[in-house]
Structure formats: C-alpha cells, structure tokens
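# Breakdown of the fold
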Amino acid sequence: MDIQVQGDLMEKIVSLCKRRGFIFQSSEIYGGFNGFWDYGPYGSMLKKAVEQLWWNEMVETRNNVVGLDSTIICHPKTWKASGHVDRFGDIMCDCKDCKTRFRVDQMPDPKTCTNCGSHNLTEPREFNLMMKTYVGPVFDEEHIAYLRAESCQPIFLDFNLIRIATRQQLPFGIAQIGKAFRNEITPRMFTFRSREFTQMEMEFFCADEGSMDWFNYWREQRVNYYKNKLGFRDDEIRLHPHDKLAHYAKAAVDIEFLFPFGWGELEGIHHRGTWDLSQHQKFSEQNLEYLDQATGKRFIPTVVETSVGLDRTILAIFCHAYCEDKAPTQKEGMDEDVRIVLRFPARIAPIQVAVLPLSKKLNEQAEMLQKKVSSYYRTELDVTGNIGKRYRRQDEIGTPFCLTYDFESDNDNAVTVRERDSMAQERVPIAELKKYLDNKIYGW
Ligand code: ATP
C-alpha cells in the first residue's frame, strides 16, 4: 500500500536521479553549469524510450505524418522571419536589494520582490533568449548564426521539399525531435526550465477551412496520449487555454501537469494560421503556396502545431512514478521498511527486465538467459548483493520485472518472475517468457 511521500518530492527526485545515474548536472567537476543537465546510463535509456514512444505515436502509426531530422543551426534569416531575433524575449526585472532576477509575467505582484518583499526593483527590461554563435572564419555581425530556439522552424523551411518528395497532399504533418536552446535568465526547477533541452514537435498543414476541427482533434489525441500511454491521472493534467492570442492565431491551449511546485506547461497546441509559411515565403522570396488538385486553388496552408518538451515529459514521468511504500525487509529487528519505487509504465522503463542469479554459481546460466531476453527488451544482469537488496535496487530504477534464476531453474527450465508494483512472484517456464512478458509490457 502506498504511504504518503514524506518531505519534499522534488528534492527526493533530484537526489534519486543523481544517485542512480538518471540525470545530473552537466560539468559537475567544474561546479556545474546552470541550466544544463546530463542524462546518465538509465536516464538516457528512459529518454530514448520516451522519444520512441512519441515518434511511434505521432509518425510511425500514422500515414499522414512524416519525419524530419534537420540541423540545429540553420540560415540566420530563419530567425528574422520567425520573429525570434526581434521579439523572442522575456520581460525581466531585478531586485536591487537581494539581486534576484524575475520574469515579470511570473511575479504575483510585479511591484514586489517575490524573494525578499522589497519594492526596490529595476524597470522591466527585455532579454533576448536566442543563443548566438559565429559561422565562418570572421567573428563579426555578418557571421552571426543562432542555435535554434525551437525545433519546428526547419520544418517550415523544408515544407515544400518534403511535400514533393513524399507526395503528401493536405492535410498532412511533419514531425521532428531535436535540441533547442534558450538563454533562459532563470533556469530552475531541475530540468523544467533548462537552457539546452529537447523538443518533440509536429506541424500539421491543412486548409484554413476545417482547421479548427484539426486543432480539436490534435488536442484530444495529445490528452489521450498522456492518459493512455503514460498513465497520467485526470487530477495530474489539465488544459489551460491561452487568454491572449498572437494576432495570427485562432486558438492555443497548454496541456499542464501538476508538478510538486505547481501546475506547469508540458505541451502547447497552437493554431498558427498561415503565419510561419507566409513569413518564410516573404523572407526567402520562394513560393510556398500549395496547389489544391481538386479545386485548382493556390493558397498558403494553415498550421496546427503540437509542441512538447522531452525533458519536461520525463520530469512529469518521475513525479508521477515516484512512490514510497512498505515492503518486507531482512534488516535486523524489522519486518518491513520504506521502499522507494519508480512506477514507470513497463514500455518506457529504462530496464524492462532484470535477470538475477540467486547465487554466484548460477551467473553463467543467468547471463545466457539475459542475452536471449535482451533481443526483445532492455535488460540488465544484476549479480551483487542478496536478492532482497537487488529487488530494492531494481525498484528504485523502476524495473517492472525481475527474473530470478535459482538452483531449481536448471531442472525445471523456469524462473521466478517478480513484479515491481505488487511484489508478487510467479514461476514461469523460460520457453514461455516472451509471450508472458510481451503481454505484461505491451499488452499483446
Ligand atoms: P514557458 O512559458 O514555460 O517558457 P513556452 O511557452 O515558451 O514555455 P514553447 O515555446 O511553447 O514553450 O515550447 C514548447 C515546449 O517546449 C514547452 O511546452 C515545454 O515543454 C518545452 N520547453 C520550453 N522551454 C523550455 C525550457 N527552457 N526547458 C525545458 N523545456 C522547455
């Protein structure tokens, strides 16, 4: 049975992430680098699994969405056209007393320092979030380029090439997963607001007529994905429609997650009108119109966008999965103690199946079994410590199934399967493991 997580959940998650090699500060030996995070062995496996889940959901299972893997640096005019160079900034102010810097739109009272209560604040100023670099031998204004601030702009640049190459007709989408960079003034809340992060975005091109139906369709699809594929509960996610819309937009809604520090944006669903393609048509002087074969009409397609941060998704997954309950222990004088368990959905768990030889004498057979199982699932051979400790270790990294190879296994060709959440154990013949685990992990 779950017990309430004691203490600060965020602190516990940050410390578990570091201790078990999921996520830790970049360049820690130099004191860290604010806003940059590294994903360790288990973290990178989890990240790849979530990426693959999104890609499968958005591209592989749809005939009308195709993929792209573009460069991070693209022609600097891109960011002029998109408005990022001139406008992509946060309005900030500093407290002159405690020197804390705030985003004005996030201050409960823009005249009072949220940290120390002082009214001695600077005038609000705009900070551009684009990260600059130079391309070529000369470091001057002419050679400035930008690390992309969002992964979607290259989709608009490549729209025509992709449409022609894939012979897609409207409506269709182009999806991309990739790094984005923002010089956030106040990176915080672990990976929630980072300076380098990964986005998973899909731009859906359609005719203006019917575009609100597509907006509603994608909003539903994305909410269902969080509920059905990631298991988020109704009380953990909510829709937050934007109060103010960009002049070109017909609608915008955020999907928010209830993090331990409050509701925070996970994903934006935006109706972007014809803004992006019109801007790139204007700045590139290339014709980006679409010819409707049926009506013979030419027009700039309207875009509905779904844009989610991979790092925020992973943080939400941790918040949802972290749990403390009670389990039997072999510690002296205790029958049970608190167990930390990450209840990741089995499909995305970094290790889906751990293989545990009961004794060192069985290491060889267990390793042979692990090799077999690793063709189908993400696996690990866990050989050190008593079996109880190993189960706990696997619980902490969220492994849904442990296969224990014991002395009987040599005779009955079966292993004990221990399930993470219920801690129930079951004897399963090795020959039936694939069927058993496919069913449990993927529901096949
Ligand atoms: P916020 O208001 O929180 O700054 P945003 O509205 O600027 O976010 P978008 O530009 O719509 O965010 O980006 C789409 C998604 O990218 C967000 O929903 C979020 O998941 C992710 N994202 C944006 N900025 C960051 C960041 N600094 N760190 C991590 N993820 C981010």
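Thresholds applied
Residues numbered from 1 in each chain as written. Predicted model: local features only at pLDDT ≥ 70, side-chain atom pairs only at ≥ 80, totals over all residues. Heavy atoms only, no water. Helix = DSSP H or I, 4+ residues; strand = E, 2+ residues; numbered from the N terminus. Buried < 20%, exposed > 50% of the residue type's maximum accessible area, 1.4 Å probe, protein only. Contact = heavy atoms within 4.5 Å. Lys, Arg positive; Asp, Glu negative; His and termini not counted. Charge placed at Lys NZ, Arg CZ, Asp CG, Glu CD. Near = heavy atom within 4 Å. Polar contact = N/O pair within 3.5 Å; in protein donor to acceptor, adjacent residues only side chain to side chain. Areas by Shrake-Rupley, 256 points an atom, 1.4 Å probe, with all protein chains shown as cover. Nonpolar A, V, L, I, M, F, W, Y, C, P; charged D, E, K, R; others polar. Core = buried A, V, L, I, M, F, W, Y, C linked by side-chain atoms within 4.5 Å. Pairing = 2+ DSSP bridges. Axes fitted to C-alpha atoms, helices over the stretch in contact; angles between N-to-C directions. Salt bridge = Lys/Arg side-chain N within 4 Å of Asp/Glu carboxyl O. Arc of directions from axis to C-beta.

Let us look at the overall build of the protein chain. Looking only at helices and strands, the protein chain features 13 helices and 24 strands. Overall size of the protein chain, expressed as C-alpha extent along the three principal axes, is 75 × 65 × 50 Å. Taken over 444 residues, the protein chain has a buried fraction of 50%. In the protein chain, the proportion of contacts linking residues at least 24 apart, taken out of those at least 6 apart, comes to 64%. If the 58 positive side-chain charges of the protein chain are averaged to one point and the 65 negative ones to another, these points end up 1 Å apart.

We now examine the site of the ligand. Around the ligand, the structure places 17 residues, and the nearest of them are Glu184, Arg193, Ser194, Glu265 and Leu266. At 3.4 Å from an oxygen atom of the ligand is found a side-chain nitrogen or oxygen belonging to Arg103. Side-chain polar atom of Gln199 to an oxygen atom of the ligand: 3.1 Å apart, as the coordinates give it. Contact with the protein chains covers 85% of the free accessible surface of the ligand, which is 600 Å². Examining the composition of the shell around the ligand, we find that four residues originate from one element, strand E14 (residues 262-273), more than from any other. Within the shell around the ligand, the residues separate by chemical class into four nonpolar, six polar and seven charged.

Here we come to the nonpolar core. Of all hydrophobic cores here, the largest spans 61 residues; its most connected members are Phe22, Trp54, Tyr226, Phe232, Phe318 and Phe344. In terms of nonpolar packing, the next biggest core, distinct from the first, is built from 18 residues, Tyr377, Val415, Val417 and Tyr436 among them.

What follows is about the sheet that holds strand E13 (residues 251-259). Pairing in this open sheet of seven strands is mixed, and the strands run E4-E10-E11-E17-E14-E13-E12 from one edge to the other. The sheet is open, and its two borders are formed by strand E4 (65-68) and strand E12 (237-241), each paired with just one other strand. Each neighbouring strand pair of the sheet contributes to a mean axis angle of 25°, computed without reference to strand direction. As paired elements, strand E10 (residues 172-181) and strand E11 (residues 196-206) share 10 bridges and run antiparallel to each other. Opposite Gln176, over in E11, you have Glu201 as the bridge partner. Lying over the sheet, helix H7 (residues 211-229) contacts E4, E11, E12, E13, E14 and strand E17 (302-309), oriented at roughly 150° with respect to E14.

A few words now on the pattern of salt bridges. Close approach of charged atoms allows side chains of opposite charge to pair. One pass over the structure, following the stated rule, counts 34 salt bridges. Across the pair Glu28 and Lys18 runs a salt bridge whose closest N-O atoms are separated by 2.7 Å. Of this pair, Glu28 sits in the loop between strand E2 (23-25) and strand E3 (37-39) while Lys18 sits in helix H1 (residues 9-19), placing them 10 residues apart in sequence. Connected through shared salt-bridge partners, Asp325, Arg339, Arg343, Asp395, Arg418, Arg420 and Asp421 make up one network.

The subject of this paragraph is the environment of Thr313. Among the secondary structure elements, Thr313 is positioned in helix H9 (residues 310-321). Considering only alpha carbons, one finds Thr313 and Asp38, 275 residues apart in sequence, at a separation of 16 Å. Leaving out residues up to four positions away in the same chain, Thr313 has contacts with Val50, Met200, Leu230, Leu266 and Val308.

In an α-helix, one turn spans 3.6 residues; hence positions three or four apart end up facing the same way. Buried within H1 we find Leu9, Met10, Ile13, Leu16 and Cys17. Along H1, the residues classed as buried sweep out an arc of 130° about the axis, all on the same side. Of the surrounding secondary structure, the elements contacted by the buried residues of H1 are E2, H9, strand E18 (322-328), strand E19 (336-342) and helix H11 (387-396). Taking the backbone nitrogen of Met10 as reference, a side-chain oxygen 2.8 Å away marks Asp8 as the first, capping residue of H1. Downstream of H1 by one or two residues, Gly21 has phi in the positive range, about 75°.

The next thing to look at is the pairing of strand E23 (residues 414-419). Where burial is concerned, most of E23 is hidden: five out of the six residues are buried. Of the strand pairs in this sheet, strand E22 (residues 401-405) and E23 are connected by four bridges, and their pairing is antiparallel. By the bridge assignment, Leu403 is partnered in E23 with Val417. Where E23 meets strand E24 (residues 425-429), five bridges bridge the pair, whose relative direction is antiparallel.

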